[in-house]
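Per-entry structural report
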Amino acid sequence: MKLRQFAFIATLLTAASIAGSGVPPTRSIPNGRPAGNVEIIDLNGLSNIEFGTTEDELTRRGILRTSLDACGPMLAGHDTVSPVFVEDKLVLLWVGDPMRTPEGITAGSPVHEVWDRYPEVSRLRAPQGTHRLDGLLARNGDRAYLFLHDGRTVRKTIAGYADWARRLFIEGIGPC
């Protein structure tokens, strides 16, 4: 193989690698509707799961599954969502990709997009010497999104009651 052929193949492989890497696009889909099976998490919860609903109600409706070998109850049909209950009421939802906020923020979104879409966001710094992520709290009344990030990219989204989201961040407790 000639050096010129090798360089050409190496350039093609590099270009293909670059083209297929990176975070998924987070721009709004036309008409505000997500593509595929992407679901929206808003400050009320999910389409069939609202904050403040009791564990018993969700279980009765067949949405909450507690008999699984997991770290806590799971939501039927929502493998990337972990519910957090306090005093039998749903207060927070930890969500992963492909869940998005109505403004298009999801795991993998650049942090600058959180600032662009939520201008009133508050910066939360993880305690020094811990392996925890910093946070951005986008509050609206008694509800909020907590975006955990590494300084560049959103790694996890938590939605629910603002006081519980802040408390979760301060105490460093996960969904399990």
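Our subject is the structure listed above.
Since we're looking at a predicted model, the values are computed, not measured.

Looking now at the overall build of the chain. In terms of helices and strands, the chain carries four helices and 10 strands. Element order for the chain, N to C, with α for helix and β for strand: α-β-β-α-β-β-β-β-α-β-β-β-β-α. For the chain, the residues scored as buried account for 37% of the 176 residues in total. Partitioning the contacts of the chain with sequence separation of at least 6, the portion at a separation of at least 24 is 48%. Looking at the chain as shown, the accessible area adds up to about 10600 Å², and 52% of this sits on carbon and sulfur atoms.

Turning to the pairing of strand β9 (residues 143-149), a few remarks are in order. Burial analysis of β9 places seven of its seven residues in the buried class, the great majority of the element. The sheet contact formed by strand β8 (residues 134-140) and β9 spans seven bridges and is antiparallel. When the bridges of β9 are listed, G135 appears paired with L148. Taken together, the seven bridges between β9 and strand β10 (residues 154-161) define a ladder with antiparallel strand orientation. Residue pairing across strands places A144 opposite G160, the latter belonging to β10. Where β9 hands over to β10, the hairpin turn is made up of four residues, of which G151 adopts a positive phi near 100°.

A few words now on the side chain of S109. On the secondary structure map, S109 appears in the loop between β6 (89-95) and α3 (111-117). At a separation of 3.0 Å, a polar atom in the side chain of S109 contacts the main-chain amide nitrogen of T106.

As a further point, take the nonpolar core. In terms of nonpolar packing, the biggest core is built from 41 residues, with L93, V114, Y118, L146 and F147 touching the most fellow members. Of all elements in the fold, only β5 (81-86), β6, α3, β8, β9, β10 and α4 (162-171) reach the threshold of two or more residues within this core. Counting residues per element, this core draws most heavily on β6, which supplies six residues. Contact partners of F147, with chain neighbours within four places excluded, come to T101, I105, V114, Y118, D134, G135, L136, A138, V154, K156 and T157.

Side chains bearing opposite charge may pair, as long as their charged atoms lie close to each other. Per the stated rule, a full pass over the model turns up eight salt bridges. Among the salt bridges present, the one from D142 reaches R143, with a minimum N-O distance of 3.4 Å. Given the relative accessible area of 16%, R143 is considered buried. Residue R155 is joined to D150 by a salt bridge in which the shortest nitrogen-to-oxygen separation is 2.7 Å. Because the salt bridges share partners, they merge into one network encompassing E57, R60 and R61.

Let us look at the packing of aromatic side chains. Inspection of every chain in the model, using the stated rule, returns four aromatic pairs. An angle of 40° between the planes, with centres 5.5 Å apart, marks the rings of Y118 and F147 as tilted. In this pair, Y118 sits in the loop between α3 and β7 (122-124) while F147 sits in strand β9, placing the two residues 29 residues apart along the sequence. Here F147 falls in the buried class, since its relative accessible area comes to 0%. Chaining the aromatic ring pairs together yields one cluster made of Y118, Y145 and F147. Above the ring of F169, the side-chain terminus of R132 is found at 5.6 Å from the ring centroid.

Conventions used here
- The residue numbers shown here count from 1 along each chain, following its written sequence.
- Only residues with pLDDT of at least 70 get local features here, since the model is predicted, and only at 80 or more are side-chain atom pairs given and counted; chain-wide, interface and lining totals rely on the full set of residues.
- By convention in this description, side-chain values take in all heavy atoms of the structure and omit both hydrogens and water.
- Put simply, DSSP H or I for four residues or longer makes a helix, DSSP E for two residues or longer makes a strand, and each gets a number counted from the N terminus.
- Relative accessibility under 20% of the residue-type maximum defines a buried residue, over 50% an exposed one, and the middle range a partly exposed one, all with a 1.4 Å probe and only protein chains included.
- In what follows, a contact means two residues having at least one pair of non-hydrogen atoms within 4.5 Å.
- Under the convention used here, a 1.4 Å probe and the Shrake-Rupley method define accessible areas, while residue burial counts only the protein chains that appear.
- In this scheme, strands are said to pair when DSSP sees at least two bridges between them.
- Between N or O atoms, a polar contact is any pair within 3.5 Å; within protein, one atom must be a potential hydrogen donor and the other a potential acceptor, and residues adjacent in sequence are included only when both atoms are from side chains.
- Buried Ala, Val, Leu, Ile, Met, Phe, Trp, Tyr and Cys residues that are joined via side-chain atoms within 4.5 Å together make up what is termed a nonpolar core.
- We define a salt bridge as a side-chain nitrogen of Lys or Arg found within 4 Å of a carboxyl oxygen belonging to Asp or Glu.
- Only centres within 6.5 Å qualify two rings of Phe, Tyr or Trp (six-membered ring in Trp) as a pair; their planes then separate them into stacked at under 30 degrees, edge-to-face at over 60, and tilted for everything else.
- To sit over a ring, a charge needs its Lys NZ or Arg CZ within 6 Å of the ring centre and within 35 degrees of the ring normal.

Keep in mind these values describe shape, not function.
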